[in-house]
Amino acid sequence: DQQVKQNSPSLSVQEGRISILNCDYTNSMFDYFLWYKKYPAEGPTFLISISSIKDKNEDGRFTVFLNKSAKHLSLHIVPSQPGDSAVYFCAASALLGAQKLVFGQGTRLTINP
Amino acid sequence: EAQVTQNPRYLITVTGKKLTVTCSQNMNHEYMSWYRQDPGLGLRQIYYSMNVEVTDKGDVPEGYKVSRKEKRNFPLILESPSPNQTSLYFCASSLYGRAETQYFGPGTRLLVL
């Protein structure tokens, strides 16, 4: 039973445009959400997070939006750059920590020049 | 340089032959965790440890053992590997279990024949 779902296995975007990656969750106890970025042959790295008390968090070109009523979050990358090509994982926690982090399946983002 | 190291990076073995994947971190983090990544399933937590001699099961602990005798090391033991344990394994550590501080190792790709 997948509690965190990323329904798009892949996404292709033109350089300079906006990339939007989506994530849905089913467990209403989740109160902290994160996005990780993963390059081939490397471990995931933390990108951005959001607490359930907020609906938006911004860090440079990256913005995460949280819609609690829809149990949906999205990651916006503007403008997209070739170095953004990677696999992006959405993750959620009910403990504001890493003790029980639940990950989505991942979305492979490709930025085309 | 802050890092999580895993050894070996690649391993091919046969069913039933006990193996250990080592994990070491140099950041004095209390919290460490093991994940496996499988296509279509994302990362799933196997075991985690909140400090020396304190470990607990994650979502998919069957067939695995861990130990935490020293703060920096968190080995993953497969007593009798089976083909369904063929996967990409990641070790991670974080400060006080804060998910946004979680560093991942580079991964260990395991093939069980």
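Quick summary incoming for the structure in this document.

Rules used throughout
Residues numbered from 1 in each chain as written. Chains lettered and ligands numbered in written order. Predicted model: local features only at pLDDT ≥ 70, side-chain atom pairs only at ≥ 80, totals over all residues. Heavy atoms only, no water. Buried < 20%, exposed > 50% of the residue type's maximum accessible area, 1.4 Å probe, protein only. Helix = DSSP H or I, 4+ residues; strand = E, 2+ residues; numbered from the N terminus. Pairing = 2+ DSSP bridges. Contact = heavy atoms within 4.5 Å. Buried area = accessible area lost by both parts, 1.4 Å probe. Salt bridge = Lys/Arg side-chain N within 4 Å of Asp/Glu carboxyl O. Disulfide = S-S within 2.5 Å.

All names here are of chain A. Of the two faces of strand β3 (residues 19–25), only one is covered, namely that formed by S19, L21, C23 and Y25; the face formed by I20, N22 and D24 stays uncovered. Direction of pairing for strand β1 (residues 4–5) relative to β3: antiparallel, over a ladder of two bridges. In the strand pairing of β3, V4 is matched with Y25. Direction of pairing for β3 relative to strand β8 (residues 72–77): antiparallel, over a ladder of six bridges.

Below, the discussion takes up the interface of chain A and chain B. Each partner contributes residues to the interface: chain A has 20 residues there, and chain B has 23 residues. The junction of chain A with chain B conceals about 1,800 Å² of combined surface from both sides, 55% of it contributed by carbon and sulfur atoms. In this assembly, chain A and chain B are joined by zero salt bridges. If you tally residues by element for the side of chain A that touches chain B, the top one is strand β4 (residues 32–38) of chain A, at four residues.

Chemically, a disulfide is nothing more than a covalent bond linking the sulfur atoms of two cysteines. Taken as a whole and judged by the stated rule, the model has two disulfides over all chains. Disulfide pairing is shown between C23 of chain A and C90 of chain A; the S-S distance is 2.0 Å. One quick way to see it: the torsion about the S-S bond of C23 of chain A and C90 of chain A is about -70°, and its sign makes the bridge left-handed. You can see C23 of chain A sitting in strand β3 and its partner C90 of chain A sitting in strand β9 (residues 86–93), a full 67 residues away along the chain. Overall, C23 of chain A belongs to the buried group, its relative accessible area being 0%. Here C23 of chain B pairs with C91 of chain B through a disulfide, and the sulfurs are 1.8 Å apart. Taking the sign of the S-S torsion, -75° for the link of C23 of chain B and C91 of chain B, the bridge is left-handed. Of the two residues, C23 of chain B sits in strand β3 (residues 19–25) while C91 of chain B sits in strand β9 (residues 87–94), which places them 68 residues apart along the sequence. By relative accessible area, which is 2% here, C23 of chain B ends up buried. Looking at C91 of chain B, the relative accessible area reads 0%, which means it is buried.

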